[in-house]
Every structure is written in C-alpha cells, then in structure tokens.
Amino acid sequence: MTNDFAKQFDMLIFKPKQLNWAIFFLLGIGYFSVMSHLEINYFLKSLIAIMPMQVVAIIYVTYLRWSRH
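Please read these numbers as outputs of a predicted model, since none were measured by experiment.

Q: Would you explain the confidence of the model for the protein chain in this entry?
A: Regions with low pLDDT carry predicted coordinates that are not meant to be interpreted in detail. With 80% of its residues at a pLDDT of 70 or more, the protein chain has an overall mean of 80. Element-level mean pLDDT values for the protein chain span from 60 in helix H1 (residues 2-12) up to 86 in helix H3 (residues 42-68).

Q: Looking at this model, I keep getting lost on a nonpolar patch on the surface. Mind explaining?
A: Taken together, the side chains of Val34, Leu38, Ile40, Phe43, Leu44 and Leu47 present a nonpolar region at the surface, about 520 Å² in accessible area. When residues in the nonpolar patch are grouped by element, the largest group, three residues, is from H3. Inspection of the secondary structure puts Val34 in helix H2 (residues 16-37).

Q: Can you walk me through H3 in this structure?
A: Working note: α-helix, 3.6 residues per turn, so residues spaced by three or four point in the same direction. Compared with an ideal rise of 1.5 Å per residue, which puts 27 residues at 39 Å, H3 spans 40 Å between its outermost C-alpha atoms and is within 8% of the ideal. Of all bends in H3, the biggest is about 30°, found at Met51, and the proline Pro52 comes one to four residues later.

Definitions and limits used
Sequence order as written defines the numbering, with residues in each chain counted from 1. Under the rules for a predicted model, residues below a pLDDT of 70 receive no local features and side-chain atom pairs below 80 are neither given nor counted, while totals for whole chains, interfaces and linings still include all residues. In computing side-chain properties, one takes all heavy atoms of the structure into account and sets aside hydrogens as well as water. The pLDDT value expresses, per residue, how confident the predictor is, ranging between 0 and 100. Put simply, DSSP H or I for four residues or longer makes a helix, DSSP E for two residues or longer makes a strand, and each gets a number counted from the N terminus. In this analysis, a patch consists of residues with relative accessible area above 30% that form no salt bridge, clustered at 9 Å for like charges and at 5 Å for the nonpolar side chains Val, Leu, Ile, Met, Phe, Trp and Tyr. For every accessible area listed, the method is Shrake-Rupley and the probe measures 1.4 Å; residues are considered covered only by the protein chains on display. For this analysis, a salt bridge means a side-chain nitrogen from Lys or Arg found within 4 Å of a carboxyl oxygen belonging to Asp or Glu. By this rule the span expected of a helix is its residue count minus one, scaled by 1.5 Å. Values of bend correspond, residue by residue, to the angle between axes fitted over the seven residues ending at that residue and the seven starting there.

Put into structure tokens, the structure is as follows:
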C-alpha cells in the first residue's frame, strides 16, 4: 500500500527537465503574445521573431565547443 502511494506521489513531483520545459513553454507563450501585439512593419516583426532562436543556437554551439576542451 505504501509503495503505491510513493509511486503516485513521485509522479506529482516535477523533475528538473520537466520544469525546464514548463519554463520554456511559458516564455514562448509570453514572447508570442508580445510579438502578436507589436504594431511594426511585418518584415521587422519577422526578424525580431527569429532572434531568440538564433541567440539560443549561438549559445548552444558555443557551449558545445567549450565543453569539448
């Protein structure tokens, strides 16, 4: 009986990976909301929308390069 309770309780605790996904999901929703309400040129809006992905890609590649050394 206690083992079943422990398994169910363990499912309720967020793991670090799940917490990261939840934070990224909330940041993505917030960013999408802000980008939707900006009243600027569509060309500039598309450039600004891609910026976070480019920054994350640069940070990821830099981290991989430095972690090898």
